[in-house]
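# Observations on the model geometry
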Amino acid sequence: AMNLSTDLHYLKAKVDAGAEYIVTQMFFDNQKYFEFVDACRAIGITVPIIPGIKPIKTLNHTTFLPKLFHIDYPEALAKELLKCKNNEAVKHLGIEWGIQQSKELKAQNVPGIHYYTMSNSDEVKAIASEVF
């Protein structure tokens with residue numbers, strides 16, 4: 001969509017047409033999810049909104065994911081990513097960030113968590129083993 005307002009407009013139309021739940025695009029800042037849920041509720045969307053999480057795995061993800069999906073990394077995550085010198089360091093950080101993100105979401109009683117694996121579930125398994 002052109003912006004959040006038009007995105008919400010079309011999302012509401014989908015729900016009104018019968019969508020029973022929503023899965024968000026990936027995000028790395030839980031506050032963005034909570035704000036999105038509030039915006040949905042404000043326009044009358046009442047279906048469950050499932051947060052979508054993607055563990056960062058490679059140095060390439062530091063630039064590729066924000067460009068392709070129009071997302072921002074929170075400042076704390078960006079600072080840590082800048083310290084990573086190789087893919088192994090990024091993978092470890094991605095797992096740790098995913099664990100903390102998931103624990104916070106779970107503590108807020110989200111209806112579930114969707115993990116984007118992009119054909120590799122190792123990081124998600126590591127996160128899930130610590131959270132569930």
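Source: prediction; values computed, not measured.

What follows deals with the overall build of the protein. Counting its regular elements, the protein contains six helices and three strands. If you list the helices and strands of the protein from N to C, you get α-β-α-β-α-α-α-β-α. Each of the 132 residues in the protein was classed as buried or not, and the buried ones make up 38%. In the protein, 74% of the contacts between residues at least 6 apart in sequence involve partners at least 24 apart. Separation between the mean location of the 14 positive side-chain charges and that of the 15 negative ones in the protein comes to 4 Å.

Another aspect to go through is the environment of Lys91. In this structure, Lys91 sits in helix H5 (residues 87-107). Judged by its relative accessible area of 24%, Lys91 falls in the partly exposed class. With 32 residues separating them in the primary sequence, Lys91 and Leu59 have C-alpha atoms 8.7 Å apart. With near-sequence residues (within four places) excluded, Lys91 lies in contact with Ile56, Lys57 and Glu123.

We now examine the side chain of Thr24. As for its placement among the helices and strands, Thr24 is situated in strand E1 (residues 22-26). Given the relative accessible area of 8%, Thr24 is considered buried. Reaching out from Thr24, the side chain makes a polar contact with the backbone nitrogen of Gly52 at a distance of 2.8 Å.

Scanning all chains against the criterion turns up four salt bridges. Close ionic contact of Glu123 with Lys57 constitutes a salt bridge, the shortest N to O distance being 3.9 Å. A residue pair is termed long-range when its members are at least 10 positions apart, and Glu123 in helix H6 (residues 122-131) and Lys57 in the loop between strand E2 (49-53) and helix H3 (61-69) qualify at 66 residues. In this structure, Lys83 engages Glu80 in a salt bridge whose closest nitrogen and oxygen atoms are separated by 3.1 Å. Separated by three residues within a single helix, Lys83 and Glu80 lie in helix H4 (residues 75-83), roughly one turn from each other. Classification of Lys83 as exposed rests on a relative accessible area of 55%. Sharing partners across several salt bridges, the network here consists of Lys57, Lys91 and Glu123.

Before going further, it helps to examine the packing of H4 against H5. Geometrically, a packed helix pair is captured by the angle between its two axes and the distance between the axes. Running from N to C, H4 and H5 cross one another at 160 degrees; their axes reach a closest spacing of 10 Å. Comparing their axes, H5 and H4 come out roughly antiparallel. For the pair H4 and H5, the crossing hand works out as right-handed. Mapping the contact onto sequence places Ala76, Leu77, Glu80 and Leu81 in H4 and Val90, Leu93 and Trp97 in H5. Class assignment for the residues of the contact of H4 with H5 results in six nonpolar, no polar and one charged.

Scoring rules and cut-offs
- Position numbers for residues start from 1 in each chain and track the written sequence from start to end.
- Owing to the predicted nature of the model, reporting of local features is limited to residues with pLDDT of at least 70; listing and counting of side-chain atom pairs is limited to 80 or more, with chain, interface and lining totals taken over all residues.
- Water and hydrogen atoms play no part in the side-chain values, which are based on all heavy atoms of the structure.
- Secondary structure elements follow DSSP: runs of H or I no shorter than four residues count as helices, runs of E no shorter than two count as strands, and numbering proceeds from the N terminus.
- Three exposure classes are used, based on accessible area relative to the maximum for each residue type with a 1.4 Å probe and protein chains only: buried under 20%, partly exposed in between, and exposed over 50%.
- Any two residues having at least one pair of non-hydrogen atoms within 4.5 Å are treated as being in contact.
- When charges are counted, Lys and Arg are positive and Asp and Glu negative, with His and the chain ends excluded.
- Note on charges: their place is set at NZ of Lys, CZ of Arg, CG of Asp or CD of Glu.
- Any pair of nitrogen or oxygen atoms within 3.5 Å is treated as a polar contact; in protein, a donor-acceptor pairing is required on top of that, and neighbouring residues in sequence qualify only through side-chain atoms on both sides.
- One side-chain nitrogen of Lys or Arg within 4 Å of one carboxyl oxygen of Asp or Glu is enough to make a salt bridge.
- Working convention: axes come from line fits to C-alpha atoms, limited for helices to the stretch in contact. Angles between N-to-C directions cover 0 to 180 degrees.
- Note on angle classes: values under 35 degrees are labelled roughly parallel, values over 145 roughly antiparallel, values of 65 to 115 roughly perpendicular, and the remainder oblique.
- Crossings are assigned a handedness: left-handed for a near helix turned anticlockwise from the far helix by less than a right angle, right-handed for a clockwise turn.
- Residues are grouped as follows: Ala, Val, Leu, Ile, Met, Phe, Trp, Tyr, Cys and Pro are nonpolar; Asp, Glu, Lys and Arg are charged; every other residue, Gly included, is polar.

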